[in-house]
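Here is how the chains run, residue by residue.
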Amino acid sequence: MNHNVVNKYHFVNTMNQDVELGIVGSVTQADLAPLRDAARLGEYALVYRVQRVHQGGGYGDQDKHPLAWAVAVYVDNQLCRVYNARGAGREWNSIDKLAGWLREQGFWYWWTRNDLEPVGYAATEPESEEAQESPQSPAFIDPPFSPF
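The rules we used
- Residues numbered from 1 in each chain as written.
- Predicted model: local features only at pLDDT ≥ 70, side-chain atom pairs only at ≥ 80, totals over all residues.
- Heavy atoms only, no water.
- Helix = DSSP H or I, 4+ residues; strand = E, 2+ residues; numbered from the N terminus.
- Contact = heavy atoms within 4.5 Å.
- pLDDT = per-residue confidence, 0-100.
- Salt bridge = Lys/Arg side-chain N within 4 Å of Asp/Glu carboxyl O.
- Buried < 20%, exposed > 50% of the residue type's maximum accessible area, 1.4 Å probe, protein only.

This part is about the environment of Val75. Counting through the fold element by element, Val75 comes out in strand β5 (residues 67-75). For the pair Val75 and Gly25, spaced 50 residues apart in sequence, the C-alpha separation works out to 9.0 Å. With sequence-adjacent residues up to four places away left out, Val75 is seen in contact with Val27, Leu35, Arg40, Leu41 and Cys80.

Here the focus is the confidence of the model for the chain. Looking at the chain as a whole, the pLDDT averages 78, with 64% of positions reaching at least 70. For residues 1-12, every residue scores under 50 in pLDDT, and the model assigns this stretch 25 contacts once sequence neighbours within four places are set aside.

Under the counting rule described, the total for this entry stands at three salt bridges. For Asp76, the salt bridge goes to Arg40, with nearest N and O atoms at 2.6 Å. Of this pair, Asp76 sits in the loop between β5 and β6 (78-83) while Arg40 sits in the loop between α2 (29-37) and β4 (41-51), and the two are 36 residues apart along the sequence. For Arg49, the salt bridge identified is with Glu117, shortest N-O distance 3.4 Å. On the criterion of sequence distance, the pair formed by Arg49 in strand β4 and Glu117 in the loop between β7 (109-113) and α4 (129-133) is long-range, its members being 68 residues apart. Owing to a relative accessible area of 33%, Glu117 belongs among the partly exposed residues under this scheme.

Looking now at the environment of Ala45. Among the structural elements, Ala45 can be located in strand β4. With 62 residues separating them in the primary sequence, Ala45 and Phe107 have C-alpha atoms 7.1 Å apart.

Here you go:
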C-alpha cells in the first residue's frame, strides 16, 4: 500500500491517518462483491475525511477543496481502505454521491468520521464591541442526563 503522495508539490504521508484509524490493508471495488458472497465483508463501512490527492469531479482547485471523503470496509474483521484498480485510494468530493455508491455496493450502514476539519466553529460575522461587553444571550447548559 502506497502511503506517500505528493500533494500541491509538497510531500504528504497518509500513513499516520491510516494508523490512527487502524487501517491495515486495501481492497478494490471489484473485490467487494466476491468478499460479500464469501461472507468475509463486514456489514458496516467507515467514511472518513482525507487530504485530497486526485484532481477531478469538477473540483480541480485543490486550494478551495483540499479535502475529500474516503471509505474503509471490514474484511475478516480487519479495516481496509477502498482503492481503485490503478492502486490509488478512491476519493469522493460529495458525501451524497458517496452514500449512493455505498448503497450500490450493498452497504446500508456506515460511520462517518471527520478528523481533519474543526468542529463547533460556525462561520459568523465578528460581533461589535458593545455586543461583546454586555452578555445578553442566555447561557447554554448541558441537557439533563437520562439513563433511558
